[in-house]
Amino acid sequence: MELCDRSACDLVGMLKKREISSREITESVFKRIDEKEDTINAYITTTRETALKQADLADKKFRNGKRTSLLNGIPIAIKDILCTQGIRTTCGSNILTNFIPTYTATAVKKVLQAGAVLIGKTNMDEFAMGSSTENSAFGPTRNPVNIEHVPGGSSGGSAAAVSGGETILAIGTDTGGSIRLPSAYCGVAGIKPTYGRVSRYGLIAYASSLDQIGALGRTTEDCAMLLNVICGHDSLDSTSAQVKKPDFRRFLNKGIKGLKVGLPREYFVEGIDTRVEDQIMKAVKVLGKNGADIVDISLPHTKYAISAYYLIATAEASSNLARYDGVKYGFRSNQDIPDSVRMYEETRSEGFGKEVKRRIMLGTYALSAGYYDAYYLKAQKARALIKDDFDKAFEKVDCMITPVSPCLPFKLGEKMADPLQMYLVDIYTVSLNLTGLPGMSVNCGTVDGLPVGLQIIGKAFDEEMVLRVGNTYEKIVEEDV
Ligand code: GLN
């Protein structure tokens, strides 16, 4: 196996024993990028020169025998929605095509302080709006498992890079499923932590009450290791939670005997591809056979989740995206317009893509006087009901299992003409953003060569449970092979 295909935990072990160097790992990753990037397009920007320097620095630390930090020498890719000082940060949009931040996001700072090697900034749906990474101004990303198919979105570049060996670890963001869906479609592991667990300082906002930063890796253990580094309170983000920072790897091997695992019946109804359902039920059986107690539960307001999400997300986006006006930063229309309002209009019409414009219009409409109560307020009420459902169900269970997506990774172009079809792909993921709960995707095999993701949902700030179940499932399946 080439170094670029190994798990981060394996590589940490090999580095510590001095069997390999960070330079070797980093060169292996860039060799793969050279081979695959023309087809996959996982990156918007790569930072080869500085990466090799960072790798050499990491190796020097090992040579000097100093105590090294957690990710010393491990390659990482960052979704291009997180600000990186001196490195272009585009958010997949023409409007930020020339934006070079003057500061670095807290999560990125933390991984760099932990010794990680930054490989580059990954491709994404413009402003994280999408489920396929086709809405990028820098062209679509393809799924390395099958290049005819989408990698999922919006963190499709991060997931494809991990899946194809173009990085070892990656950071993504999840507003309605954008870590879990691409992880599922590319067959890797990805966790969206509880709202507030990871500082969002330096994250370009899409929908502020839903956005969360999280980890992608080849295994659950890799995700746990990365989460250990990026989580924690940050005074620069007033929504970051003042909670204890656990060691997410501590309970990974505690097993699942006696755990109560809920199966929400509303997640297994019409609309789901039966091939996906069968695959998920196989995984549920595996968990049951290994000691978990499978419990039937109900989340009765699930049917409102998509509508509530797309109202709230677009409403918040319409407000957050008002700042792109051609004045403060980013692109400005170069037509010579003396009138400032017309300059804003031209800049925004030229700078934003089709889906982003659609959402700004939807959101502006939902927030406008006369419609606010009928749409935005209604959506917030539905959100409260959905949260109640989870609170009640969690009185009976320790975690829940569902599919990540109702369908298999679809073909490029298949859903682009019909936005509603694209929105429906998020049916099983958006509720966790509406409620702030943690969830992850672990791979549970393939159907016709296409990966299926198992979603594990936990109580607020109980990522340890989510990761423990994910890791146990991965280990059982590994042993069976
Ligand atoms: N697909 C969802 C959307 O387009 C979720 C995106 C995300 O999580 N960033 O809004």
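Note on numbering: residues in each chain are counted from 1, in written sequence order. Thresholds applied to this predicted model are a pLDDT of at least 70 for local features of residues and 80 or more for the giving and counting of side-chain atom pairs; totals over whole chains, interfaces and linings are not thresholded and use all residues. Computation of side-chain values covers all heavy atoms of the structure but excludes hydrogens and water.

A. Expanded view of the sheet that holds strand E9 (residues 399-403). Only when DSSP finds a minimum of two bridges between them are two strands counted as paired. The helix and strand labels rest on DSSP assignments: H or I over at least four residues marks a helix, E over at least two residues marks a strand, and numbering proceeds from the N terminus. Within the open sheet, the 11 strands sit side by side as E1-E3-E2-E4-E6-E5-E10-E11-E9-E7-E8. Their pairing is mixed. Because the sheet does not close on itself, it has two edges, and the strands there are strand E1 (43-46) and strand E8 (293-297). Across the sheet, the mean angle separating the axes of adjacent strands is 30° when strand polarity is ignored. As paired strands, strand E7 (residues 260-264) and E9 are joined by 2 bridges and run parallel to one another. Paired with Gly262 across the two strands is Met400, which belongs to E9. The strands that helix H15 (residues 463-480) touches are strand E5 (189-192), E9, strand E10 (439-447) and strand E11 (450-457); relative to E10, the one it contacts most, it runs at about 20°. To obtain an axis, a line is fitted to C-alpha atoms, over the contacting stretch when the element is a helix, and the angle between two such axes runs from 0 to 180 degrees between their N-to-C directions. Should any heavy atoms of two residues lie within 4.5 Å, those residues are considered in contact.

B. Representation of the nonpolar core in the model. Here the nonpolar core consists of buried residues drawn from Ala, Val, Leu, Ile, Met, Phe, Trp, Tyr and Cys, with membership extended through side-chain atoms lying within 4.5 Å. Throughout this description, buried means an accessible area under 20% of the type-specific maximum (1.4 Å probe, protein chains only), exposed means over 50%, and partly exposed covers the range between. With 141 residues, the main nonpolar core has Val111, Phe127 and Phe390 as its most contacted residues. Judged by nonpolar contacts, the second largest core, of 9 residues, contains Val150, Tyr185, Val404 and Val425.

C. Local environment of the site of the ligand. When at least one non-hydrogen atom of a residue lies within 4 Å of a molecule or strand, that residue is treated as near it. Close to the ligand lie 15 residues; Thr175, Gly176, Ser178, Tyr206 and Tyr309 are nearest. Ser131 places a polar side-chain atom, nitrogen or oxygen, 2.9 Å from a nitrogen atom of the ligand. Contact between the ligand and Gly176: an oxygen atom at 2.6 Å from a main-chain N or O atom of the residue. With the chains in place, 100% of the 290 Å² that the ligand exposes on its own is no longer accessible. We call Asp, Glu, Lys and Arg charged. Ala, Val, Leu, Ile, Met, Phe, Trp, Tyr, Cys and Pro are nonpolar, and the rest, Gly among them, are polar. Within the shell around the ligand, the residues separate by chemical class into 5 nonpolar, 7 polar and 3 charged. As used in this structure description, the phrase polar contact means that two N or O atoms lie within 3.5 Å; if the pair is within protein, one of them must be able to donate a hydrogen and the other to accept it, and residues adjacent in sequence are counted only when both atoms belong to side chains. In short, Shrake-Rupley with a 1.4 Å probe defines the accessible areas, and a residue's cover is counted only from the protein chains shown.

D. Geometry of the pairing of E9. Most of E9 sits inside the fold, with 5 of its 5 residues counted as buried. By the bridge criterion, 4 bridges tie E9 to E11 in an arrangement that is antiparallel. In the sheet register, Met400 faces E11, and the bridge partner there is Ile457.

E. Seen up close, the packing of helix H2 (residues 22-40) against helix H3 (residues 48-63). Running from amino to carboxyl end, H2 crosses H3 at an angle of 160°, the nearest separation of the two axes being 8 Å. Considering the angle they form, H2 stands roughly antiparallel to H3. For the pair H2 and H3, the sense of crossing is right-handed. Between H2 and H3, the residues in contact are Ser22, Arg23, Thr26, Glu27, Phe30 and Asp34 and Arg48, Ala51, Leu52, Ala55, Asp56, Ala58 and Asp59, respectively. Split by residue class, the contact of H2 with H3 holds 5 nonpolar, 2 polar and 6 charged. Working rule for angles: under 35 degrees goes down as roughly parallel, over 145 as roughly antiparallel, 65 to 115 as roughly perpendicular, anything else as oblique. Helix crossings fall into two classes, left-handed where the near helix is turned counterclockwise from the far one by less than a right angle and right-handed where it is turned clockwise.

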